[in-house]
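Now for the letters of each chain:
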Amino acid sequence: MINLLILPGDGIGPEIIKQVIKIVKSCIYTGYKINIIYNYIGGISIDKFNTPITNNLISIIKYIDTIFLGCVGGYKWNHSIFKPEYGLLKLRKKFNFFTNIRPIKCPFKNIDIIIVRELNGGIYYGKPKGFSKQIINQIPTWYAYNTKIYNEQEIIRLARISFNLALNRKKKLCSIDKSNVLETFKLWKKTINYVHKFYNKVKLSHIYIDYATIDLIKNFNKFDVIITSNLFGDIISDLCSLLTGSLGMLPSISINNKSLSLFEPCHGSAPDIANKNIANPVGALLSLVMMFEYVLNDFKLSNNLYYSIYKVLSYGFCTIDMKKYIRNFKIVSTEEFGDLVNHFFIINV
Ligand code: IPM
Ligand code: MN
């Protein structure tokens with residue numbers, strides 16, 4: 001029995017997660033032993049419990065095999081003391097999800113890149129951080145600060161995962177940094193070069209983040225696996241989503257040093273289009289493909305879901321964000337898209 005924790009979160013989260021649940025329920029219906037547990041994280045948790053992540057949620061995770069999250073955040077909590085994002089950041093840190101794998105793959109375009117994003121360190125978590133006041137030019141003035149910090153162990157464990165991934169692919173790893181300016185990235189680069197000695201079959205390259213934003217768009221075909229820091233990984237995954245057409249298309253898996261995994265689409269909560277039944281559930285559904293593969297080890301199921309998504313898209317059905325990229329497109333709602341995928345999925349489950 002697999003205990004699957006579902007955290008729909010905020011904005012379009014509940015709508016897209018609903019499409020994931022349809023597929024999971026089809027699996028259960030045909031005999032798969034999956035136990036679904038629902039809980040709250042982010043803004044909805046602030047509204048209900050006054051905190052973006054409750055101790056109760058943290059304590060039930062010891063009984064959980066895998067977590068599926070929608071997305072967190074929204075304008076509604078712009079001025080609240082607690083931020084929805086803090087719930088997700090705490091979840092990632094508390095359970096040691098130090099590696100975030102974001103495949104940039106598109107069913108109807110020849111593109112296949114994997115971004116390995118560091119997820120437990122860097123400027124997202126470094127201390128000291130905070131706000132303070134100082135007299136500057138005789139004027140009391142607020143200032144704010146963050147610390148970007150990486151140690152060798154954090155870089156080595158991420159590098160090993162990235163090299164191993166590259167070994168099973170085109171054997172190319174590109175590290176994206178800013179080592180021409182920042183100390184943390186000088187150590188980053190040196191450490192990755194060191195780990196490379198154990199992976200001489202992999203071709204390693206380094207590029208700076210500023211140039212990477214151009215190279216990734218213009219010459220995306222030359223990339224295979226990318227390794228980068230928490231912040232840069234956040235930024236370039238949104239950038240790379242342009243290569244697939246829409247941010248709504250990208251899945252992700254986060255892993256820790258135990259066997260717990262966290263699946264979430266790369267997109268945000270998109271509060272401007274929430275509750276309109278127009279959000280793109282593909283990133284979430286592709287995350288479920290990854291869950292079938294990595295948690296259930298069931299390739300029949302993951303292939304079935306992947307091809308069901310592919311089929312629906314190849315018939316031209318898509319949510320509105322995809323219409324520019326699909327020939328003879330027919331715009332459908334989030335619900336309809338999920339139903340169509342489920343329709344193909346049940347034929348072969
Ligand atoms: C992401 C998101 C998160 C991040 C936010 C919601 C905290 O943008 O997963 O890409 O910055 O990591
Ligand atoms: Mn992001």
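What counts and what doesn't
Residues numbered from 1 in each chain as written. Chains lettered and ligands numbered in written order. Predicted model: local features only at pLDDT ≥ 70, side-chain atom pairs only at ≥ 80, totals over all residues. Heavy atoms only, no water. Helix = DSSP H or I, 4+ residues; strand = E, 2+ residues; numbered from the N terminus. Expected span 1.5 Å × (residues − 1). Buried < 20%, exposed > 50% of the residue type's maximum accessible area, 1.4 Å probe, protein only. Arc of directions from axis to C-beta. Polar contact = N/O pair within 3.5 Å; in protein donor to acceptor, adjacent residues only side chain to side chain. Pairing = 2+ DSSP bridges. Axes fitted to C-alpha atoms, helices over the stretch in contact; angles between N-to-C directions. Domains from an automatic or database assignment. Contact = heavy atoms within 4.5 Å. Buried area = accessible area lost by both parts, 1.4 Å probe. Salt bridge = Lys/Arg side-chain N within 4 Å of Asp/Glu carboxyl O. Nonpolar A, V, L, I, M, F, W, Y, C, P; charged D, E, K, R; others polar.

Caption draft 1: Spotlight on helix α5 (residues 152-167). Counted at 1.5 Å a residue, the expected span for α5 with its 16 residues is 22 Å, and the 22 Å between its end C-alpha atoms agrees. Buried within α5 we find Glu-154, Ile-155, Leu-158, Ala-159, Ser-162, Phe-163 and Ala-166. Buried residues of α5, viewed axially, fall in a sector of 150°; they line one side. Measuring from the backbone nitrogen of Gln-153 back to the side-chain oxygen at the start of α5 gives 3.0 Å, which picks out Asn-151 as the cap.

Caption draft 2: Summary view of the sheet that holds strand β2 (residues 34-38). The strand order β2-β1-β3-β12-β11-β4-β5-β10-β8-β9 describes an open sheet built from ten strands, whose pairing is mixed. Every other strand in the sheet has two partners, leaving β2 and β9 (203-208) as the edge strands with one partner each. Each strand axis lies, on average, 25° off the axis of its neighbour in the sheet, ignoring direction. Pairing between strand β11 (residues 253-255) and strand β12 (residues 261-263): three bridges, direction antiparallel.

Caption draft 3: Spotlight on the domain arrangement of the chain. Each assigned domain of the chain is listed here: domain 1 (1-97 + 256-349) and domain 2 (107-249). Domain 1 and domain 2 are separated by 25 Å when their C-alpha centres are compared. Across the boundary between the two partners, domain 1 contributes 18 residues, which contact 15 residues of domain 2. When domain 1 packs against domain 2, the two sides together hide about 1600 Å² of surface, and 61% of this comes from carbon and sulfur. Broken down residue by residue, the surface that domain 1 buries against domain 2 is led by Arg-92, Lys-93 and Tyr-325, which jointly contribute 29%. In this structure, the connection of domain 1 to domain 2 is made through zero salt bridges. Secondary-structure elements contributing two or more residues to the side of domain 1 that touches domain 2 are α4 (84-94), α9 (282-294) and α10 (299-314). Each residue belonging to the side of domain 1 that touches domain 2 can be placed in one class, and the counts come to eleven nonpolar, four polar and three charged.

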